[in-house]
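# Structural overview for review
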Amino acid sequence: QEQKSTKALLADARDCLLADPAVRTKIGTSITLGKPFSQSSSKSMVNGVTKSRLQLIIPISGSDGTGRLRLLANQDEIVLLEVDVGGRVFGVPLDGRTRRSENVIDADVMDEEIY
């Protein structure tokens, strides 16, 4: 399995940024991603399966503002995008690029006393 390049991950991230109304409101519609100024990565092998993790911090700018993007990818799939604009951090939807829906628990909590 060939690894997805950082360039491809950044292109996917940019697509997600452009699709998010909150990002367009704060940064603008003409979004540019700069060169990552912080990068960390790790690889591990468990039972013959290689797992990888990549985190990038990237400056972003647009027609209406600037900020920083935090990108977290596992096995070459973006699992988290966060934008920091002026100290306010918000998550960016991943447009179905994540399995997040499998991790949602829908529960009603009832306050009952049990004797």
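Residues numbered from 1 in each chain as written. Predicted model: local features only at pLDDT ≥ 70, side-chain atom pairs only at ≥ 80, totals over all residues. Heavy atoms only, no water.

## Structural notes on the nonpolar core
- With 23 residues, the main nonpolar core has L17, V23, L33, L69, L71, L81 and V83 as its most contacted residues.
- Contributing elements (two or more residues each) for this core: α1 (6-19), β3 (49-61), β4 (66-74) and β5 (77-85).
- Once residues lying within four places of it in the same chain are set aside, the contact partners of L17 are V23, R24, I31, L33, I60, L69, V83 and V92. (Core = buried A, V, L, I, M, F, W, Y, C linked by side-chain atoms within 4.5 Å. Buried < 20%, exposed > 50% of the residue type's maximum accessible area, 1.4 Å probe, protein only. Helix = DSSP H or I, 4+ residues; strand = E, 2+ residues; numbered from the N terminus. Contact = heavy atoms within 4.5 Å.)

## Some words on the packing of aromatic side chains
- One pass over the full model with this rule turns up zero aromatic pairs.
- K26 extends its terminal NZ or CZ atom over the ring of F90, reaching a point 5.4 Å from the ring centre. (Phe/Tyr/Trp six-rings, centres within 6.5 Å; stacked < 30°, edge-to-face > 60°. Lys NZ or Arg CZ within 6 Å of the ring centre and 35° of its normal.)

## Overview of the confidence of the model for the protein chain
- Looking at the protein chain as a whole, its pLDDT mean stands at 82, while 79% of the residues score no less than 70.
- Of all the helices and strands in the protein chain, strand β2 (residues 38-46) carries the lowest mean pLDDT, 89, while β4 carries the highest, 95.
- Between residues 96-110, whose pLDDT stays under 50, and residues either more than four places distant or in other chains, the model counts 10 contacts. (pLDDT = per-residue confidence, 0-100.)

## Let's talk about unusual backbone geometry
- The phi dihedral of N47 is positive, around 50°, even though this residue is not glycine.
- Looking at the secondary structure, you find N47 in the loop between β2 and β3.
- For N47, a relative accessible area of 78% puts it in the exposed group.

## Digging into the pairing of β3
- Two strands pair when backbone bridges link them, and strand β1 (residues 32-33) and β3 are joined in this way by two bridges, in the antiparallel orientation. Opposite T32, over in β3, you have S61 as the bridge partner.
- Two elements, β2 and β3, share nine bridges in a ladder whose sense is antiparallel. Its bridge partner lying in β3, S40 is registered against Q55.
- The hairpin turn running from β2 into β3, its antiparallel successor, is two residues long, and N47 in that turn takes a positive phi close to 50°.
- Pairing of β3 with β4 involves nine bridges; the strand directions are antiparallel. Counted as the bridge partner of P59 is R68 from β4.
- Taken together, β3 and the strand that follows it, β4, pair antiparallel across an intervening segment of four residues. (Pairing = 2+ DSSP bridges.)

## Things to note about the environment of G67
- Of note, G67 is situated in strand β4.
- Among the residues examined, G67 registers a relative accessible area of 15% and is labelled buried.
- A C-alpha to C-alpha distance of 9.0 Å links G67 and K26, two positions 41 residues apart in sequence.
- Not counting residues up to four positions away in its chain, the partners in contact with G67 are I27, I58, P59, I60, D84 and V85.

## Some points on the pattern of salt bridges
- For the structure on display, the rule yields two salt bridges.
- Residues D84 and R68 are paired through a salt bridge, measuring 3.6 Å at the closest nitrogen-oxygen approach. With D84 in strand β5 and R68 in strand β4, this pair connects stretches of sequence that are 16 residues apart.
- Taking the relative accessible area as the measure of exposure, R68 reaches 42% and is therefore partly exposed.
- Between R70 and E82 there is a salt bridge, with its nearest N and O atoms 3.1 Å apart. With R70 in strand β4 and E82 in strand β5, the pair connects residues that are 12 residues apart, well separated along the chain.
- On the basis of relative accessible area, E82 is assigned to the partly exposed category, the value being 24%. (Salt bridge = Lys/Arg side-chain N within 4 Å of Asp/Glu carboxyl O.)

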